[in-house]
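Now for the letters of each chain:
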Amino acid sequence: MNQPTLIAIDWGTSNLRAALLNADGQAIESRSTPGGVMAVKDGLFAEALSQLCGDWMQAYPCALIASGMVGSRQGWKEAPYLDCPASIDKAAKNLTPIEMNLHGGGSRRLYIAPGLRFQEASGIYDVMRGEETQIWGANISPNSCCILPGTHSKWAWTGQRGEILRFQTWMTGELFGLHTKHGILGRLMQAGPESLVSFESGVRLGLSQSAKANHVVFAARTAGLMEQVPAHQLADYLSGILIGLEVAGGMKELSNASAQTLTLIGDDGLCERYGLALKIAGLNWERSEADATTRGQWLIAKQ
């Protein structure tokens, strides 16, 4: 059962990943490169993809499906957003095709999965690209809430049939990067070993002072000035504050939070940190199944 039937492409802002899947959706081979959407110059997306897996496309006449920022306005071709509630079958009916010429001759068609959008009662829109594929592939329970930590962390709620009902974006990771690399908070920070003690301290501050977010973030500087937190632990302290603020905000959207189990989807290191923050907040959590993105792409293609 190792005959290739699908090339699944996860093309985000920073990285390009591809997996060659068999008829059961299992990976025969996987590859990756730092060549994310933002690294592609002059619209040469076909060339970038060919460099990573052009040999697969030449050797195997199987379908190609992609998800992520490749379908954004800054990507290869914009794939329209689907309104929530959104299901796998709805996504499968709204794929965006791209015809691409192969260097060795011939052409192939690539299908880009749509992103999702949700409009809150206030009129504010939220969007996602790529995370929806992870959610569908994570095999989470119906009527659940899941969290996808990252540069732009997502909290998403699913329905009875696994459809995505609504979601929220939290810019936690990007704010951490901006504060540490380009702001005053990073001036006192020094490199050093990870400190979960300072991280936990930051989480508790963020959880308890969520109504004063812009104020408590400044504690990542004053705690260093007053020598309450060592310089090499300030980054962990700030990380804890920001994640604590996110968790505090997300908890307000949960009904019967103490009885609900949240699912964490994504990078192991980030999920461990979020799991610790959720535990401090008194919330139950579990990890999703591995390779959620590839499985989600397989399910969309199969549908």
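Structure shown above.
Residues numbered from 1 in each chain as written. Predicted model: local features only at pLDDT ≥ 70, side-chain atom pairs only at ≥ 80, totals over all residues. Heavy atoms only, no water.

Caption draft 1: Fine view of the overall build of the chain. Along its length, the chain carries 10 helices and 14 strands. Relative to the compact-globule value of 19 Å for 303 residues, the chain shows a C-alpha radius of gyration of 21 Å, a close match. Each of the 303 residues in the chain was classed as buried or not, and the buried ones make up 48%. Pairs at least 24 residues apart make up 62% of the contacts formed inside the chain by residues separated by at least 6 positions. Accessible area of the chain: about 14,800 Å², with a carbon and sulfur share of 49%. Of the charged side chains in the chain, 25 are positive and 28 negative; the average position of the first set lies 4 Å away from that of the second. (Helix = DSSP H or I, 4+ residues; strand = E, 2+ residues; numbered from the N terminus. Rg over C-alpha atoms; globule rule 2.2 N^0.38 Å. Buried < 20%, exposed > 50% of the residue type's maximum accessible area, 1.4 Å probe, protein only. Contact = heavy atoms within 4.5 Å. Areas by Shrake-Rupley, 256 points an atom, 1.4 Å probe, with all protein chains shown as cover. Lys, Arg positive; Asp, Glu negative; His and termini not counted. Charge placed at Lys NZ, Arg CZ, Asp CG, Glu CD.)

Caption draft 2: Broad picture of unusual backbone geometry. The residue after Cys84, namely Pro85, is reached through a cis peptide bond having omega 0°. If you trace the backbone, Pro85 turns up in the loop between strand 5 (81-83) and helix 2 (88-92). Look at Glu227: it is not a glycine, yet its phi comes out positive at around 60°. Position of Glu227 among the secondary structure elements: in the loop between helix 7 (219-225) and helix 8 (234-251).

Caption draft 3: Broad picture of the side chain of Arg273. The topology assignment puts Arg273 in helix 9 (residues 268-280). Residue Arg273 is classed as buried on the basis of its relative accessible area, which comes to 13%. Separated by 3.1 Å, the side chains of Arg273 and Ser239 make a polar contact. Apart from residues lying up to four places away in sequence, Arg273 is in contact with Glu194, Phe199, Asp236, Ser239 and Ile243. (Polar contact = N/O pair within 3.5 Å; in protein donor to acceptor, adjacent residues only side chain to side chain.)

Caption draft 4: Geometry of the pattern of salt bridges. For the structure shown, the criterion picks out 11 salt bridges. Linking Asp83 and Arg117 is a salt bridge whose minimum nitrogen-to-oxygen distance equals 2.5 Å. One end of the pair, Asp83, is in strand 5; the other, Arg117, is in strand 8 (residues 115-119), with 34 residues separating them in the sequence. A residue is classified by how much of its surface remains accessible, and Arg117, at 31% relative accessible area, is partly exposed. Note that Arg273 and Glu194 form a salt bridge whose closest N and O atoms lie 3.1 Å from each other. Linking Arg273 in helix 9 with Glu194 in the loop between helix 4 (172-182) and helix 5 (196-208), this pair joins segments that are 79 residues apart in sequence. Assessed through its relative accessible area of 57%, Glu194 is described here as exposed. In the salt-bridge network here, residues are joined through shared partners; they are Glu29, Arg31 and Asp55. (Salt bridge = Lys/Arg side-chain N within 4 Å of Asp/Glu carboxyl O.)

Caption draft 5: Structural context of the pairing of strand 2 (residues 16-21). When you tally the buried positions in strand 2, you get 5 out of 6 residues, the bulk of the element. With 6 bridges connecting them, strand 1 (residues 6-11) and strand 2 associate as antiparallel partners. By the bridge assignment, Leu6 is partnered in strand 2 with Leu21. Hairpin connection of strand 1 to strand 2: 4 residues between the antiparallel strands. As paired strands, strand 2 and strand 3 (residues 27-33) are joined by 6 bridges and run antiparallel to one another. Directly across from Leu16, in strand 3, lies its bridge partner Thr33. The hairpin formed by strand 2 and strand 3 contains 5 residues between the paired strands, and Gly25 there has a positive phi angle of roughly 80°. (Pairing = 2+ DSSP bridges.)

Caption draft 6: Just the sheet that holds strand 6 (residues 96-101), in detail. The 6 strands are arranged 3-2-1-4-7-6 in an open sheet whose pairing can be described as mixed. Two strands bound the open sheet, and with one partner strand each, they are strand 3 and strand 6. In this sheet, neighbouring strand axes are inclined to one another by 20° on average, regardless of whether the strands run parallel or antiparallel. Bridge count for strand 4 (residues 63-67) against strand 7 (residues 107-112) is 3 bridges, and the pairing is parallel. Within strand 7, the position partnered with Leu64 by the bridge is Leu110. (Axes fitted to C-alpha atoms, helices over the stretch in contact; angles between N-to-C directions.)

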